[in-house]
Amino acid sequence: MSIDPQLINKADEKFTYDAIVVGAGVIGPVLATALSRKGKKVLIVERDWSEPDRIVGELMQPGGVRALKELGCVQAINNIEAWPVTGYTVIYNGESVQIPYPYKQDVKPVEPLKDIVFDGNDKVLNDKTVTIKQFEENERESGVAFVHGKFISNLRNIVAKESNVTRLQGNVVEILKNKSNEVVGCKVDIPTRGKVEFHANITFVCDGIFSKFRKELSPDYVPTTGSSFVGMSLYDCKVPNKYNGHVILGENHMPVLVYQISPKETRILCAYNSPKTPQDLKKWMVDSVQPCIPKEIRPSFDEAVKSGKFRSMPNQYLPARQNDVLGLCVIGDALNMRHPLGGGGMTVGLNDVVLLMKKIGDLDFNDRETVLDELLDYHYDRKSYDSVINVLSIALYSLFAADSKNLKTLQEGCFRYFQRGGDCTSLPVQFLSGLCPRPFLLTKVFFAVALYAIYINFERRGALGFPIALVEGISILITAVRVFSPYLYGELIG
Ligand SMILES: Cc1cc2nc3c(=O)[nH]c(=O)nc-3n(C[C@H](O)[C@H](O)[C@H](O)COP(=O)(O)OP(=O)(O)OC[C@H]3O[C@@H](n4cnc5c(N)ncnc54)[C@H](O)[C@@H]3O)c2cc1C
């Protein structure tokens, strides 16, 4: 396919840009747009500007939608047949509980960023599937799901309109450093131009999940992979609750996520507790997943299994590291990853951009030392927001993929806790949706769930089983501490 010459020829190797942005996935275009609106001259480099086709980043939590509003980019969800999400349905061994997203009055109002938000670019427009009524006027927060590639194309169209941004197609092959080991730009392999060096006061690395350049922060900065998701597209699927994300749980199977991403297409992601997926995926789907699929979903599920179009992705975990290299800022999945079960990756990355703009948006990037000082602080300032989403995703995965007796008890306890309603659902969903940046409140709620699981176990054992239940209770509590504490500690102290 021929490449638009504008994407090749316009980048100027003789000019020192204020900023270079590496990668135009979810975070890159939004970051470049925000910088441009702050008056910075930006070069954004992407190895492939054509519409991506991936099974990642398809459900955005309300906290992500709010960040898009604060960054004046929310109209990226318009005209792509995006599907509103109003909350979750959790199904456990066939029983279900609905958990709607929080009321707007219970969370902080959206704070549009100066210079970045103007002319109503913080408000969605009406289209075939997205309405002002749903996203602006509803008393509850909304999330949104979409075909990932279409959303990325919209973000890229937004950045293309920025007069201060130059787009370049090419593969970044090296981060350039001076003799003092400070970053001064990057080397790009460009079709027809070859390898060219570009310079900037600061280089933002947003090269995503399989980042090649995160190691510029430290050679041992590598993610861990514990599990994977196998995905399929379901067509004309009748989900139990329209406009809900569905989490299907059970004591005998791994968690399954189901959410509609357009009027026709629904994504199903099936967890597999190993980074390497089964060799015979069809057999695995039929033997291990199909029995837990609700009957409404079965016809489209069976069709999808028959067609055999499976796609898998590793689920990686990477706690953030401080950006302490002068002239460099790593952000998005390159900096920080969590389990995708909570659908929080885009929300974390976009809120990181909001915070970053507040901290450095008005600085002169020539003053590299001051920018670095702010980036050092930024690492701590982002923790309360990001740690909640990150720790929750790992804790939920451990419970939902329960592979021991204690974890299975915690899993059931969690579901029964949700069934109580009131604060037992409104707080957890505030954490999940990226609307409650309070890690210590999360800790309190997590251990309330654990105590509830222990209480259920006591009830089940009855008066005669009290001594056994007591021993089991202590063991369950130790498991809960093991599941939660190391991650919370890693996120808050690291
Ligand atoms: C299975 C799975 C499901 C997920 N589902 C969700 C979800 O439902 N909701 C959610 O919020 N998050 C989800 N996530 C996480 C989400 O996809 C990421 O958080 C998000 O994509 C991160 O955005 P990013 O811009 O950092 O990286 P990416 O979106 O990965 O973008 C990186 C970009 O950099 C470009 N690039 C890479 N290397 C180079 C190079 N050397 N030169 C030039 N360009 C380069 C790539 O082409 C790409 O365009 C999921 C993740 C997984 C694994």
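Every value quoted in this text rests on a predicted model; they were computed, and no experiment measured them.

Engineer: Report on the sheet that holds strand 16 (residues 311–317), specifying residues and quantitative values.
Structural biologist: Sheet architecture is open: seven strands sit in the order 6-5-13-14-15-12-16, paired in mixed fashion. Two strands in the sheet have a free side with no partner beyond their single neighbour: strand 6 (95–100) and strand 16. When strand polarity is set aside, the average angle formed by the axes of neighbouring strands in this sheet is 20°. As judged from the seven bridges shared by strand 12 (residues 224–235) and strand 16, these two strands associate in the antiparallel manner.

Engineer: Which residues make up the UniProt feature "domain: Squalene epoxidase" (unreviewed entry) in the protein chain, and what values do they have?
Structural biologist: UniProt annotation of "domain: Squalene epoxidase" (unreviewed entry) refers to residues 199–470 when read in the numbering used here. When the span residues 199–470 is considered, its composition is 44% helix and 19% strand, and the gap between its end C-alpha atoms is 64 Å.

Engineer: Tell me about the layout of surface pockets, and please be specific about residues and values.
Structural biologist: By volume, the second largest pocket is sized at about 420 Å³. Lining the second largest pocket are 21 residues; nearest its centre among them are Glu-70, Lys-108, Asn-351, Tyr-385 and Pro-437. Going through the elements one at a time, helix 3 (62–70), helix 8 (345–360) and helix 10 (383–400) are the ones with two or more residues in the lining of the second largest pocket. Looking at the lining of the second largest pocket element by element, the count peaks at five residues for helix 8. Tallied by class, residues from the lining of the second largest pocket come to eight nonpolar, four polar and nine charged. A domain split of the lining of the second largest pocket shows at least three residues from each of domain 1 (6–87 + 102–221 + 318–382) and domain 3 (386–493).

Engineer: Just give me the short version of the pairing of strand 13 (residues 244–250), but keep the residues and values in it.
Structural biologist: Buried residues dominate strand 13, accounting for seven of its seven residues. Of the two faces of strand 13, the one lined by Asn-244, His-246, Ile-248 and Gly-250 and the one lined by Gly-245, Val-247 and Leu-249 are each fully buried. The pairing of strand 5 (residues 87–92) with strand 13 spans six bridges and is parallel. What sits directly across from Thr-89, in strand 13, is His-246. Bridging between strand 13 and strand 14 (residues 253–260) involves four bridges; their strand directions are antiparallel. Each bridged residue has a counterpart across the sheet, and for Ile-248 the counterpart in strand 14 is Val-256.

Engineer: Would you mind going over the domain arrangement of the protein chain in detail, with residue names and values included?
Structural biologist: When the parts of a complex come together, some accessible area is lost, and that lost area is often taken as the interface size. Taken as a whole, the protein chain is organised into domain 1 (6–87 + 102–221 + 318–382), domain 2 (224–316) and domain 3 (386–493). Using only C-alpha atoms to locate each centre, domain 1 and domain 3 end up separated by 33 Å. At the interface, 19 residues of domain 1 touch 15 residues of domain 3. Counting the surface domain 1 buries against domain 3, the share from its top three residues, Pro-102, His-339 and Leu-341, is 32%. Counting across the domain 1 and domain 3 interface gives one salt bridge. Here Asp-386 ties to Arg-382 by a salt bridge, and the two come within 2.9 Å at their closest N and O atoms. Counting the contacts that link domain 1 with domain 3 gives five residue pairs in polar contact (both at pLDDT 80 or more). Within the residue set of the side of domain 1 that touches domain 3, elements represented by two or more residues are helix 3 and helix 8.

Engineer: Now, about the environment of Ile-209: what can you tell me, with residues and values included?
Structural biologist: As for its position among the elements, Ile-209 is in the loop between strand 11 (194–205) and strand 12. The buried category is assigned to Ile-209, whose relative accessible area is 14%. Each C-alpha atom of the pair Ile-209 and Arg-321 lies 15 Å from the other, and the pair is 112 residues apart in sequence. Apart from residues lying up to four places away in sequence, Ile-209 is in contact with Arg-54, Val-56, Arg-214, Met-313, Gln-316, Asp-333 and Met-337.

Engineer: Can you explain the pairing of strand 1 (residues 16–22)? Please cite residues and give values.
Structural biologist: The buried fraction of strand 1 amounts to six of the seven residues, a majority that puts the element mostly inside the structure. Pairing between strand 1 and strand 11: six bridges, direction parallel. Its bridge partner lying in strand 11, Ala-19 is registered against Ile-202. Examined bridge by bridge, strand 1 and strand 2 (residues 42–46) share four bridges and lie parallel to one another. Paired with Ile-20 across the strands is Leu-43, a residue of strand 2.

Engineer: Report on the sheet that holds strand 4 (residues 83–85), specifying residues and quantitative values.
Structural biologist: Sheet architecture is open: three strands sit in the order 3-7-4, paired in antiparallel fashion. Edge positions in the open sheet fall to strand 3 (59–60) and strand 4, since each of these has one partner strand only. Note: strand 3 against strand 7 (residues 143–145), two bridges, orientation antiparallel. Within the sheet, the bridge partner assigned to Met-60 lies in strand 7 and is Val-144.

What counts, and where the lines are drawn
Residues numbered from 1 in each chain as written. Predicted model: local features only at pLDDT ≥ 70, side-chain atom pairs only at ≥ 80, totals over all residues. Heavy atoms only, no water. Pairing = 2+ DSSP bridges. Helix = DSSP H or I, 4+ residues; strand = E, 2+ residues; numbered from the N terminus. Axes fitted to C-alpha atoms, helices over the stretch in contact; angles between N-to-C directions. UniProt positions renumbered as here; feature names shortened; annotations may be inferred. 1 Å grid on protein atoms, 1.4 Å probe; cavity = no way out; pocket = protein on both sides within 12 Å on 5 of 7 lines; lining within 4 Å. Points joined across faces, edges and corners; volume = space filled by probe spheres on them. Nonpolar A, V, L, I, M, F, W, Y, C, P; charged D, E, K, R; others polar. Domains from an automatic or database assignment. Buried < 20%, exposed > 50% of the residue type's maximum accessible area, 1.4 Å probe, protein only. Contact = heavy atoms within 4.5 Å. Buried area = accessible area lost by both parts, 1.4 Å probe. Salt bridge = Lys/Arg side-chain N within 4 Å of Asp/Glu carboxyl O. Polar contact = N/O pair within 3.5 Å; in protein donor to acceptor, adjacent residues only side chain to side chain.

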